[in-house]
Amino acid sequence: MEFKKDKFTISDDVSRLDIDAICDFLSRAYWADKRPRHLIERSIKHSLNFGVYDGERQVGFARVVTDQTIFAYLCDVFIHEDYRGQSLGKWMMECVFAHPDLQGLRRWCLLTRDAHGLYQQFGFTELSDPPRWMEKFDATA
């Protein structure tokens, strides 16, 4: 699936992804700065991926881990520093939520330290019942 706006394209075509660009950005992201390339490649293989492109140059990315029926986890969202301030992150979220494989899901989740304002525009809220949620977290993985 492809979306176009001005000179930009958002695509879910995994063959277009620039793994070097994704690894470069994630190496500077607080949530993935220690994630090795082989794990990034593996995570992409098992996700629905969205690349943002200026021509052929990849300038953004988002990954959705989902069963395409009940649940989706939105993660590894970025817009390259040189392209911020152009509403590309908001447009990418619009495209993610418009994707036909992600319609009718009961629950979406994500983790963010600093982008609450963006995600609130798409209906995300703090957990309504935090005591029900549990996690098993391994900081070394």
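Residues numbered from 1 in each chain as written. Predicted model: local features only at pLDDT ≥ 70, side-chain atom pairs only at ≥ 80, totals over all residues. Heavy atoms only, no water.

A. Structural context of the packing of aromatic side chains. Across all of its chains, the model carries nine aromatic pairs by this definition. Note on Phe97 and Trp108: the rings are 4.6 Å apart at their centroids and 65° apart in plane angle, and the pair reads as edge-to-face. Within this pair, whereas Phe97 is found in helix H3 (residues 88–98), its partner Trp108 is found in strand S6 (residues 107–110), the two being separated by 11 residues in sequence. Looking at Arg16, its charged tip hangs above the ring of Tyr53, at a distance of 4.1 Å from the centre. Its guanidinium or amino end placed over the ring of Tyr30, Arg113 lies 3.7 Å from that ring's centre, counting from NZ or CZ. (Phe/Tyr/Trp six-rings, centres within 6.5 Å; stacked < 30°, edge-to-face > 60°. Helix = DSSP H or I, 4+ residues; strand = E, 2+ residues; numbered from the N terminus. Lys NZ or Arg CZ within 6 Å of the ring centre and 35° of its normal.)

B. Structural context of the side chain of His80. Mapped onto the elements, His80 comes out in the loop between strand S5 (71–79) and H3. From its side chain, His80 meets the backbone nitrogen of Asp82 in a polar contact 3.0 Å long. Those residues within four positions of His80 in sequence are excluded, and the remaining contacts are Arg28, Arg57 and Val59. (Polar contact = N/O pair within 3.5 Å; in protein donor to acceptor, adjacent residues only side chain to side chain. Contact = heavy atoms within 4.5 Å.)

C. Geometry of the sheet that holds strand S3 (residues 48–54). The mixed open sheet is built from six strands, whose spatial order is S1-S2-S3-S4-S5-S6. Of all strands in the sheet, those with a lone pairing partner are strand S1 (2–5) and S6, marking the two edges. On average, adjacent strands in this sheet sit at an angle of 20° to one another, irrespective of strand direction. The pairing of S3 with strand S4 (residues 57–66) spans seven bridges and is antiparallel. (Pairing = 2+ DSSP bridges. Axes fitted to C-alpha atoms, helices over the stretch in contact; angles between N-to-C directions.)

D. Local environment of the pattern of salt bridges. Within the structure shown, the criterion is met by 10 salt bridges. The shortest N-O distance in the salt bridge between Asp20 and Arg37 comes to 2.7 Å. Note that Asp20 is positioned in helix H1 (residues 19–26) and Arg37 in helix H2 (residues 37–45), a separation of 17 residues in sequence. Taking the relative accessible area as the measure of exposure, Arg37 reaches 37% and is therefore partly exposed. Here Asp24 ties to Arg28 by a salt bridge, and the two come within 2.6 Å at their closest N and O atoms. Owing to a relative accessible area of 39%, Asp24 belongs among the partly exposed residues under this scheme. Here Arg28 falls in the partly exposed class, since its relative accessible area comes to 40%. Look at the salt bridges and you will find they share partners, linking Glu2, Lys4 and Arg16 into a network. (Salt bridge = Lys/Arg side-chain N within 4 Å of Asp/Glu carboxyl O. Buried < 20%, exposed > 50% of the residue type's maximum accessible area, 1.4 Å probe, protein only.)

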